[in-house]
Amino acid sequence: MAKKKVIPEYSKIKKNGSEYYRTRILDADGKQVDIYGKTCEEVYDKAQAASKAIAEAVFRKNNPTVREYCEKWLKMKSATVRPNTLEGYRKAMEKHIIEPIGDRYIDEITSDDLKLLMVPVSKKSKGLYGTVNMLLKCIFYSAVESDVIRDNPAACINPRGGKAKKEKVALTDKQIATLLETIKDLPPYIFVMLGLYAGLRREEILGLKWDCVHLDEIPPYISVRRAWRSVKNRPEVTSLLKTPAANRDIPIPQILVDCLKEAKQHSTSDYVISDSNGEALSYSQFSRIWHYITVRTAKERTIYRYINGEKIHHTITPQLGERCRTDKSIYYTLDFDVTPHLLRHTYITNLIHEGVDPKTVQYLAGHENSKVTMDIYAKVKYNKPWELATVINAAFQTS
């Protein structure tokens, strides 16, 4: 037998010239709200439904899912983190945290859950592993600090993992000559020259305007005052640099001066490197420009063709000096990999090889932290046993 509803007597109130029954309840934030109805039963039913919704909201507020708390954490970080960095966090979080455990309540996540979550991540790059590791620790530490959970299950995640990061080795003089000869008169040439002979970061090169290129000064120099970013494949160039130390004036060698003078003569844009409309490049446009380099490397790759409407993949291994079968203008002349950052690393390495002191290298590179400079300096300067042999023998010679 169904239990009969007990309808309380509610007080009456006039509102907009009409008479209503009214009751009051507390919402999820503890604020008083009014509920009206034409009859006591209507008010009762509304109050019951509202109380149920409020109870659910209070529970969800005190017991959020991992997805909900991740979104809250990102919103809190948006005040102090650059948009591009925040977007990188969001992508890593969505794929490697929210996708596997996002629908579970945060207070039921255990250390074992997070260790299992990190297993597939450990097979990715070391950089990605470190990012996901950091995000988990920050998110769950924040939840502990806000009394959402009692203990931090991410505290015991091993900071190590992922594939061993390949140590960057600067390009040799021979490799530089080969690279420049390969891309002479091709779109990435000026970008590569700026990386090799000014040590600019990718975002600094793509944000560089001619008003910051002082070719007629003595000595000629480049002022780093702007940085490029890609937001949903749209370029944004602002004065927001990576760090305050990135704001610097860099003297440039004659080889780069000559290159930039020739480029400026033919330029109709404010940007040193621009699209056909004179605007900053989008991310996809830069990728297409960089493809002129990667397509000329003699390394194994997977390509595809459509045969009878079916996409067929197959692996090719180009031979050095061989001509591309599908594009006769392309020769495989590079037997080494090139990245935008490797150009900058080569610039810094060459400064160190020429005996430039660490503080000057730090300034020219725009490093905020001297530890970054010194780590590179130590690896470059002190990793040649034949150069240190005299010092060691003198230190330990017996009289």
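Values in this document were obtained by computation on a predicted structure and should not be read as measured data. (Residues numbered from 1 in each chain as written. Predicted model: local features only at pLDDT ≥ 70, side-chain atom pairs only at ≥ 80, totals over all residues. Heavy atoms only, no water.)

Student: Quick question: what am I supposed to make of the side chain of Glu 204 here?
Tutor: Looking at the element boundaries, Glu 204 is found in helix 8 (residues 202-206). Here the side chain of Glu 204 touches Arg 248 through a polar contact of 3.0 Å, side chain to side chain. Not counting residues up to four positions away in its chain, the partners in contact with Glu 204 are Val 224, Arg 226, Ala 246 and Arg 248. (Helix = DSSP H or I, 4+ residues; strand = E, 2+ residues; numbered from the N terminus. Polar contact = N/O pair within 3.5 Å; in protein donor to acceptor, adjacent residues only side chain to side chain. Contact = heavy atoms within 4.5 Å.)

Student: Would you explain the sheet that holds strand 5 (residues 221-224) in this entry?
Tutor: In sheet architecture, strand pairing relies on hydrogen bonds along the backbone and comes in two forms, parallel and antiparallel. Strand order in this open sheet of 3 strands is 4-5-8, and the pairing throughout is antiparallel. In the strand order of this sheet, the two ends are held by strand 4 (213-214) and strand 8 (248-251), each with one partner. For strand 5 and strand 8, the ladder comprises 4 bridges, and the chain directions are antiparallel. Across the sheet, Val 224 pairs through a bridge with Arg 248, a residue of strand 8. (Pairing = 2+ DSSP bridges.)

Student: Looking at this structure, how should I read the nonpolar core?
Tutor: For soluble globular proteins, the rule of thumb is that nonpolar side chains tend to be buried together. Core analysis: the biggest nonpolar cluster contains 57 residues, and Leu 179, Val 192, Leu 194, Leu 200, Ile 222, Leu 260 and Leu 343 have the highest contact counts within it. The element that contributes the greatest number of residues to this core is helix 7 (residues 189-198), accounting for 7 residues. For Ile 222, the residues in contact, after removing those within four places along its chain, are Leu 194, Ala 198, Leu 200, Leu 208, Cys 212, Arg 248, Asp 249, Ile 250, Ile 252, Leu 256 and Leu 260. In terms of nonpolar packing, the next biggest core, distinct from the first, is built from 30 residues, Cys 70, Leu 86, Ile 98 and Ile 139 among them. (Core = buried A, V, L, I, M, F, W, Y, C linked by side-chain atoms within 4.5 Å. Buried < 20%, exposed > 50% of the residue type's maximum accessible area, 1.4 Å probe, protein only.)

Student: What is the right way to look at the environment of Leu 260 in this model?
Tutor: By secondary structure assignment, the location of Leu 260 is in helix 9 (residues 254-266). Sequence spacing of Leu 260 and Trp 210 is 50 residues, and the spatial spacing of their C-alpha atoms is 9.5 Å. What Leu 260 contacts, discounting residues up to four positions off in sequence, is Ile 190, Leu 194, Trp 210, Val 213, Leu 215, Ile 222, Ile 252 and Val 272.

Student: Mind showing me how you'd approach helix 6 (residues 173-183) here?
Tutor: Three- or four-residue spacings in an α-helix give side chains the same orientation, since the helix completes a turn every 3.6 residues. Of the positions making up helix 6, those classed as buried are Ile 176, Leu 179, Leu 180, Thr 182 and Ile 183. Projected down its long axis, helix 6 carries its buried residues within an arc of 160 degrees, all on one side. Seen from the buried face of helix 6, the exposed residues on the opposite side, beyond 90 degrees, are Asp 173, Lys 174 and Glu 181. Buried-residue contacts for helix 6 involve helix 7, helix 10 (283-294) and helix 11 (340-353). Downstream of helix 6 by one or two residues, Asp 185 has phi in the positive range, about 75 degrees. (Arc of directions from axis to C-beta.)

Student: Can you help me understand the environment of Asp 357 in this one?
Tutor: With respect to the secondary-structure elements, Asp 357 resides in the loop between helix 11 and helix 12 (358-365). Classification of Asp 357 by relative accessible area gives partly exposed; the value is 37%. Residues Asp 357 and Tyr 377 lie 20 residues apart in sequence; the distance between their C-alpha atoms is 9.2 Å.

Student: Any chance you could explain unusual backbone geometry here in plain terms?
Tutor: As a rule of thumb, non-glycine residues mostly have phi less than zero, and peptide bonds are mostly trans rather than cis. In this structure, Pro 219 follows Ile 218 across a cis peptide bond, with omega equal to -5 degrees. If you trace the backbone, Pro 219 turns up in the loop between strand 4 and strand 5. Even without being a glycine, Asp 185 presents a positive backbone phi close to 75 degrees. Considering the arrangement of structural elements, one finds Asp 185 in the loop between helix 6 and helix 7.

Student: Help me understand the side chain of Arg 229, please; the structure alone is not making it clear to me.
Tutor: Residue placement: Arg 229 occurs in strand 6 (residues 227-231). Buried charge Arg 229 goes without a salt bridge, the closest partner of opposite sign being Glu 203 at 6.4 Å. Only 3.3 Å separates the side chain of Arg 229 from the side chain of Thr 238, close enough to count as a polar contact. Setting aside residues up to four positions removed in sequence, Arg 229 forms contacts with Arg 82, Asn 84, Arg 234, Pro 235, Glu 236, Thr 238, Leu 240, Leu 241 and Lys 242. (Lys, Arg positive; Asp, Glu negative; His and termini not counted. Salt bridge = Lys/Arg side-chain N within 4 Å of Asp/Glu carboxyl O.)

Student: Explain the packing of helix 6 against helix 7 here, please?
Tutor: When two helices pack together, their arrangement is captured by the angle between the axes and the distance separating the axes. Orientation of helix 6 relative to helix 7, taken along the N-to-C sense of each, is 160 degrees, at an axis distance of 10 Å. By the angle between their axes, helix 6 is roughly antiparallel relative to helix 7. Note that helix 6 runs across helix 7; the crossing there is left-handed. Listed contacts from helix 7 to Ile 176, Leu 179, Leu 180 and Ile 183 of helix 6 are Tyr 189, Val 192, Met 193, Leu 196 and Tyr 197. (Axes fitted to C-alpha atoms, helices over the stretch in contact; angles between N-to-C directions. Parallel < 35°, antiparallel > 145°, perpendicular 65-115°, else oblique. Left-handed = near helix turned anticlockwise from the far one by under 90°.)

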